[in-house]
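# Breakdown of the fold
Below are the chains, spelled out letter by letter.
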Amino acid sequence: MNATDPADGPTPPPGRRRTFVLTAAVAALLLALGTGRQQPAPPPAADKGSSGAPAGRTPPPHAGTSAPPEKGSGSKDRERPPVAALPSSRPVGITIPSLKVDSTLEDLGLGENRAMDTPRDPDKAGWYTPGPTPGAMGPAVIAGHVTWDGAPAVFFELAALEPGDRIIVRRADGRTAEFTVDRTAVYPKDAFPTVEVYRNLDHAGLRLITCGGDYSEADSRYADNVVVYATLAGSRD
């Protein structure tokens with residue numbers, strides 16, 4: 001992906017600078033999640049032609065395969081009655097009931113070369129702090145590793161999410177933001193639709209990101225990125 005760095009490229013129009021920085025930084029994160037030590041090889045296969053998943057675990061759909069069609073309602077989020085966005089509040093945890101994921105959240109900021117940090121703990125997901133908070137207006141971003149040192153990581157089964165599945169984000173203000181999955185898509189890293197994923201929204205959205213597709217030992221990277229699009233469906237205290 002070729003994302004323009006705000007420091008070198010044109011200045012975004014008023015009111016869009018935050019989204020512009022998010023776009024450039026996340027583009028760097030997508031590479032970091034699938035390269036080098038940040039994203040090591042998937043679990044070793046028991047024999048040739050194996051899925052590569054460890055014994056007793058079912059690999060997520062399409063893990064280690066070419067990118068499938070999107071699951072969901074096409075290129076746009078599903079139509080549903082709007083839910084009022086929440087005030088900004090730092091997220092502290094994420095639960096995905098259908099995947100049995102329950103993780104506290106690390107803070108992901110900007111590191112060297114304006115590249116977004118990746119989670120230090122493979123069992124935890126991370127929230128990109130310069131972007132919107134989950135439940136507030138805009139596309140909040142939470143990322144996690146798919147594998148780490150040959151073992152499944154927090155978002156190992158992310159590609160299995162289906163439209164209608166729930167994602168629950170706990171917030172520092174004591175409120176819980178509940179999202180519904182609109183669709184799950186897999187994109188080649190070299191053709192990632194940055195604008196589609198990180199464009200401005202007129203509602204509270206959430207994007208979960210990890211790696212997927214074939215893994216290249218020579219390049220130490222996965223070929224694709226898995227992106228889950230979700231929309232705020234409600235909240236509770």
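Located above this text is the structure these notes cover.
A brief structural summary. (Residues numbered from 1 in each chain as written. Predicted model: local features only at pLDDT ≥ 70, side-chain atom pairs only at ≥ 80, totals over all residues. Heavy atoms only, no water.)

### Considering the packing of aromatic side chains
Here the structure, examined in full by the defined rule, presents three aromatic pairs. Between the aromatic rings of Tyr187 and Phe192, the centroid separation amounts to 5.6 Å while the plane-to-plane angle is 75°, which identifies the pairing as edge-to-face. Note on accessibility: Tyr187 and Phe192 belong to one class, buried. Joined through ring pairs, the aromatic side chains of Tyr187, Phe192 and Tyr198 make up one cluster. Stacked on the ring of Tyr229, the Lys or Arg Arg183 has its end atom at 3.6 Å from the ring centre. (Phe/Tyr/Trp six-rings, centres within 6.5 Å; stacked < 30°, edge-to-face > 60°. Buried < 20%, exposed > 50% of the residue type's maximum accessible area, 1.4 Å probe, protein only. Lys NZ or Arg CZ within 6 Å of the ring centre and 35° of its normal.)

### A few points about the side chain of Thr176
With respect to the helices and strands, Thr176 occurs in strand 8 (residues 176–188). Once you skip the residues sitting within four places of it in the chain, Thr176 turns out to touch Ile168, Val169, Arg170, Gly234, Ser235 and Arg236. (Helix = DSSP H or I, 4+ residues; strand = E, 2+ residues; numbered from the N terminus. Contact = heavy atoms within 4.5 Å.)

### Side note on the sheet that holds strand 1 (residues 91–96)
Judged by pairing direction, the barrel is mixed, and its eight strands sit side by side in the order 1-2-3-4-9-10-8-7 before closing back on the first. Taking the axes of each pair of neighbouring strands and ignoring which way they run, one obtains an average angle of 35° across the sheet. Sheet analysis places strand 8 next to strand 10 (residues 221–236), joined by 12 bridges and oriented antiparallel. If you follow Thr184 over to strand 10, its bridge partner there is Val228. (Pairing = 2+ DSSP bridges. Axes fitted to C-alpha atoms, helices over the stretch in contact; angles between N-to-C directions.)

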